[in-house]
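Okay, here's what each chain looks like letter by letter:
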Amino acid sequence: MKLVLSVALFITLAHGASVKTELNLDPGQIMELTGFHKGARAASGPSAANMRPLIWDEELAYEAMDDSRNCYNFPISKESRKYGEVGVNEYISKGQLENFSEFLRKTFDAWGSEMMNYDFYKATCNTGYCGNYTQLVWAESHRFGCGMTTCDGVETGDGRKYGVATLFLCRYYPAGNVEGRAPFKEGARCSECDLTTEECKDEAFCFSQARDGASRVHAVHFMTSLCLPILVVVFNQAWKLF
């Protein structure tokens, strides 16, 4: 399926990038993105006892879009006007963006593959980088928003330079990747939910009506439940390769 996005083309000279195409997500794409997050979190290994659902947040999405417009991925602000400190994941895809679903698959494959660099029981990266993976499955994070911009050039903090490429950023609250802490508690799914305020949803998530039910994307949480079993199978099969 070809990518259908609301786009805005604008000119800038910041950081050497001159032409940018801002890619604004529509409700269906937000639902798909939420579903990919849910699938990854529900398929965490080992199983997570205290995983919260992630709910789309417009403020975090606006800030992520604002960061992506810069067309460089370092340093990226981890401060939110609304929430204070947040976590940030990023992915760079070369070339023009044509298929959103395929783009998400590649993004989550890349983030998920970092699991092989992570030692859950030592709560540290063994080799390489694992921060995108650990933030993705950080149980206490319950709000997120993403933004993306296609640039005629993207620069990275380690000196790499891309030609035409899409910079995709997601922000998460509360921030994950606390040094010395595992991203979630190991155990049977939902076994660490606070039964005074939470209930188990989709046999995987500790859902709180007060915390997770007040968003306009509350409907997205339940709509993605319809495809969650498929997503869990996909992520389980993909991550077994690592």
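The structure this text deals with has already been given above.
Within each chain, residue numbers correspond to sequence positions counted from 1 in written order. The predicted origin of the model limits local features to residues at a pLDDT of at least 70 and limits the giving and counting of side-chain atom pairs to 80 or more, whereas totals for whole chains, interfaces and linings rest on all residues. With hydrogens and water set aside, each side-chain value is computed from the structure's full complement of heavy atoms.

A. Representation of the side chain of Thr 134. For the purposes of this entry, the term helix denotes a DSSP run of H or I that reaches at least four residues, the term strand denotes a run of E that reaches at least two, and both are numbered from the N terminus. Looking at where Thr 134 falls in the secondary structure, it is placed in helix α4 (residues 131-136). The exposure class assigned to Thr 134 is buried, which follows from its relative accessible area of 5%. What Thr 134 contacts, discounting residues up to four positions off in sequence, is Tyr 118, Asn 177 and Pro 183. Exposure categories follow from relative accessible area, calculated using a 1.4 Å probe and restricted to protein chains: below 20% of the type maximum is buried, above 50% is exposed, and the middle band is partly exposed. Here a residue-residue contact requires only that any non-hydrogen atoms of the pair lie within 4.5 Å.

B. Spotlight on the side chain of Glu 63. Within the secondary structure, Glu 63 is located in helix α2 (residues 58-68). Sequence-distant contacts of Glu 63, defined by excluding residues within four places in its chain, comprise Ser 80, Arg 81, Lys 82 and Arg 171.

C. View of the environment of Ser 68. Following the sequence through the fold, Ser 68 ends up in helix α2. For the pair formed by Ser 68 and Gly 147, sequence separation is 79 residues and the distance between their alpha carbons is 6.4 Å. Each residue touching Ser 68, except ones within four places of it in the same chain, is listed here: Gly 147, Met 148, Thr 149, Cys 151, Leu 167 and Leu 169.

D. Seen up close, the nonpolar core. What is meant by a nonpolar core is a set of buried Ala, Val, Leu, Ile, Met, Phe, Trp, Tyr and Cys residues, joined one to another through side-chain atoms within 4.5 Å. Leu 33 and Phe 168 are the most contacted members of the largest nonpolar core, which has 37 residues in total. At the level of elements, α1 (27-42), α3 (100-113), α4, β9 (143-151) and β12 (165-173) are the ones that each hand at least two residues to this core. Not counting chain neighbours up to four residues away, the residues in contact with Leu 33 comprise Leu 25, Trp 56, Leu 104, Phe 108, Phe 144, Cys 146 and Phe 168. Among the nonpolar cores identified, the runner-up in size contains eleven residues, and Ala 64, Cys 71, Cys 151 and Leu 169 belong to it.

E. Examining the pattern of salt bridges more closely. For salt bridges, the criterion is a side-chain nitrogen of Lys or Arg within 4 Å of an Asp or Glu carboxyl oxygen. Per the counting criterion, the structure on display carries 14 salt bridges. Arg 81 is the partner of Glu 59 in a salt bridge, and the nearest nitrogen-oxygen pair spans 3.3 Å. Taken together, the residues span a long stretch of sequence, with Glu 59 in helix α2 and Arg 81 in the loop between β4 (79-80) and β5 (84-85) at a distance of 22 residues. A salt bridge links Arg 211 to Asp 212, with the nearest nitrogen and oxygen atoms 2.9 Å apart. Residues Arg 211 and Asp 212 agree in their burial class; the two are buried. In the salt-bridge network here, residues are joined through shared partners; they are Glu 59, Glu 63, Asp 67, Arg 81 and Arg 171.

Distances and angles like these do not, on their own, reveal function.
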